[in-house]
Amino acid sequence: MANNHEDSLVVRPTQTLKGTATVPGDKSLSHRAVMFGALAHGDSHVRGWLAAGDTEASLRCVQTLGVHIERHSESELTIHGRGELRPAAGPLDFVNAGTGIRLMAGIMAGQPFGSILDGSEQLRRRPMKRIIAPLRLMGAAIEGDNDRAPLTVTPAQLQGIRYELPMASAQVKSAVLLAGLFADGETVVVQPGPARDHTERMLSAAGVDVVTEGNVITLRPGNTLKPMDFSVPGDFSSAAFLLVAGAIVPDSDLTLTGINLNETRTGLLDVLLEMGADIKVTDKGLEAGEPAGDIRVRYGALKGVEVGGETVVRMIDEFPVLMVAALRAEGRTVVRDAQELRVKETDRLAVMTAELRKMGAEITETEDGFIIDGPQSLEGGRVDGHDDHRIAMSLSIAGLVADEQTIVDDARCAGDSFPGFAETVARLGGQLAAQGQLA
Ligand code: S3P
């Protein structure tokens, strides 16, 4: 396919990164804010909302369902919830947003009208059986196309179930809990490990009776959702790119402010600390019912690490950038139990391995992870972001420490979760810009 130059990022070897930055609002919280605000009775006010490809898709879908959303600015919204949704005239288009379609499938399963949930070719390739199966157990009438999107939902009365999640997925957990809002009786989800708990926290803040005991979450329907008023803290998964950059670009000293530090999300912090990274965290209390704070990272020697088990789900979106850190660390890094990476926007194990090899890296890809012996130098070259935001940004961070220039094609997708990524890195001293803009 011909490449549009505006979609490419040019990255050059970078001396050092210095300064203070913040990152856009948390993507997981921003999806949930528009959905739960839409279901609430009254006006929800949200600041710091992430205006990015994925979350804008959820916002448009909610509007299509008859909910009025007032935009005071890109990131400040009032959601005029009326406690009910209205049928959409056509299919709901979630573009690339897996979180959007899977959570909304749970909500739509409980509506007294039918709907079709769809998205891009990329989203249509992602597995949906993981939500179709439990929703059907609840009585939902939901059909996929070979268990993929588009998903067709027809009205049905739901019953609460007890569901043991086959994988530690917050999206599946959330789809079941959200359907539980519209079900008869209580819904219980048992998760195998600590998947992100934003749905439970935000529903509870909205007055829903949802209780977590260990890995068992119980939701009792009946309470109407109260409107919410909060600021969304910065997305740890976006901060992760800057954290790794600060740890591997020589002499760097970066402070990232107002970042969501929910423990179900910060596995990468623990892993970087175990690798010997110079990181200090300052807690700043709760924001939107989530712990938030500042993170300071300074360049220093890293050593290889073993990652597996429950840590994996706490950093599931951070493995592409961990690969880059591992390439610069002394010794062997081994990642296990991360097979879920194969069903993200792309097969992130295969794609990162292939693209980093183009830069001269030696990586052993395993069924559920990878092995990297470091430190390795990277050559630069031409790589592809595969329309997967986390791949494009991880390759850009690799480019900062390569010996020669790197061009990351198909990198516009960074805006699916981190609009202003290139500008933020450049402001901190990174030699990185859209093609044609680097002096
Ligand atoms: C998300 C859950 C995770 C994560 C995704 C956001 C969420 O997916 O990868 O980026 O907001 O619930 P899984 O639940 O499929 O692991």
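In what follows, the structure referred to is the one given above.
Cut-offs applied
- Within each chain, residues carry numbers counting from 1 in the order of the written sequence.
- Owing to the predicted nature of the model, reporting of local features is limited to residues with pLDDT of at least 70; listing and counting of side-chain atom pairs is limited to 80 or more, with chain, interface and lining totals taken over all residues.
- Water and hydrogen atoms play no part in the side-chain values, which are based on all heavy atoms of the structure.
- Strand pairing is assigned whenever DSSP detects at least two bridges linking the two strands.
- The numbering of helices and of strands both runs from the N terminus, where a helix is a DSSP run of H or I of at least 4 residues and a strand a run of E of at least 2.
- Residues count as neighbours in contact if any of their non-hydrogen atoms are within 4.5 Å of one another.
- Between the N-to-C directions of two axes lies an angle of 0 to 180 degrees, each axis being a line fitted to C-alpha atoms and, for a helix, fitted only over the stretch in contact.
- Note on terminology: near, applied to a residue and a molecule or strand, indicates that one of the residue's heavy atoms is within 4 Å of it.
- Each polar contact in these results corresponds to two N or O atoms within 3.5 Å; when the atoms are within protein, one needs to be able to donate a hydrogen and the other to accept it, and residues that are neighboring in sequence are counted only if both atoms are side-chain atoms.
- Residue burial considers only the protein chains on display, and all accessible areas are found by Shrake-Rupley using a 1.4 Å probe.
- Grid spacing is 1 Å over the protein atoms alone, the probe is 1.4 Å, and a cavity is where that probe fits but cannot get out, while a pocket is an open set with protein on both sides within 12 Å along at least five of seven lines and lining residues have an atom within 4 Å of a point.
- Any molecule with more than half of its atoms within 2 Å of a cavity's or pocket's grid points is counted as sitting in it.
- Accessibility here uses a 1.4 Å probe with only protein chains present; expressed as a share of the type maximum, an area under 20% marks a residue as buried, one over 50% as exposed, and anything in between as partly exposed.
- Multiplying 1.5 Å by the residue count of a helix minus one yields the expected span of that helix.
- Two cysteine sulfurs form a disulfide in these notes if their separation is within 2.5 Å.
- In this scheme, roughly parallel covers angles under 35 degrees and roughly antiparallel covers those over 145, while 65 to 115 is roughly perpendicular and the rest are oblique.
- In a left-handed crossing the near helix is turned counterclockwise from the far helix by less than a right angle, and in a right-handed crossing that turn is clockwise.
- The residue classification treats Ala, Val, Leu, Ile, Met, Phe, Trp, Tyr, Cys and Pro as nonpolar and Asp, Glu, Lys and Arg as charged. All others, Gly included, are polar.

1. Thoughts on the sheet that holds strand β6 (residues 92-93)
And step 1. What the 4 strands build is an open sheet, ordered β6-β7-β9-β8; its pairing is mixed. The strands lining the two open edges of the sheet, one partner per strand, are β6 and β8 (141-143).
And step 2. Bridge analysis of β8 against strand β9 (residues 151-154) gives 3 bridges, and the strand direction is antiparallel. Across the sheet, I142 pairs through a bridge with V153, a residue of β9.
And step 3. Contacting β6, β7 (115-118), β8 and β9, helix α3 (residues 98-109) runs over the sheet at an angle of about 175 degrees to β7.
And step 4. Taken strand by strand, helix α5 (residues 129-137) contacts β8 and β9, and its axis lies near 160 degrees from that of β8.

2. Considering the site of the ligand
And step 1. Taken together, K27, S28, R32, T99, S169, A170, Q171, R196, I316, D317 and K344 make up the full set of residues adjacent to the ligand.
And step 2. Separating an oxygen atom of the ligand from a side-chain N or O atom of R32 is a distance of 2.7 Å.
And step 3. One of the side-chain N or O atoms of K344 is found 2.7 Å from an oxygen atom in the ligand.
And step 4. About the coverage of the ligand: the protein hides 94% of its 390 Å² of free accessible area.
And step 5. Comparing atom positions with the cavity grids shows the ligand to sit within the largest pocket.

3. Thoughts on helix α9 (residues 267-274)
And step 1. G267, L268, L269, V271 and L272 are the residues of α9 that are buried.
And step 2. The elements touched by buried residues of α9 are α8 (236-248), β18 (278-287), β19 (290-298), β20 (306-307), α10 (310-313) and α11 (319-328).

4. Side note on α3
And step 1. In this model α3 runs 17 Å from its N-terminal to its C-terminal C-alpha over 12 residues, within 8% of the 16 Å that 1.5 Å per residue would give.
And step 2. Among the 12 residues that make up α3, 12 are buried, leaving the element largely enclosed by the rest of the structure.

5. Brief notes about the sheet that holds strand β23 (residues 369-374)
And step 1. Within the open sheet, the 4 strands sit side by side as β20-β21-β23-β22. Their pairing is mixed. Only two strands of the sheet have a single partner each, and these edge strands are β20 and β22 (364-366).
And step 2. As paired elements, β22 and β23 share 3 bridges and run antiparallel to each other. By the bridge assignment, T366 is partnered in β23 with G369.
And step 3. Running at roughly 20 degrees to β23, α11 makes contact with β20, β21 (331-335) and β23 of the sheet.
And step 4. Relative to β22, helix α12 (residues 348-358) is tilted by about 170 degrees, and along the sheet it contacts β22 and β23.

6. Quick word on the state of the cysteines
And step 1. Evaluation of the coordinates by the stated rule reveals 0 disulfides.
And step 2. The thiol of C61 is not disulfide-bonded; the next cysteine sulfur, from C413, is found 20 Å away.

7. Some thoughts on the packing of α11 against α12
And step 1. Axis separation between α11 and α12 bottoms out at 10 Å; the angle between their running directions is 40 degrees. In terms of axis orientation, α11 runs oblique to α12. The interaxial crossing formed by α11 with α12 has right-handed handedness. Seen from α11, the contacting residues are P320, M323, V324 and L327; seen from α12, they are R348, L349, M352, T353 and L356.
And step 2. Residues of the contact of α11 with α12, tallied by class, amount to 7 nonpolar, 1 polar and 1 charged.

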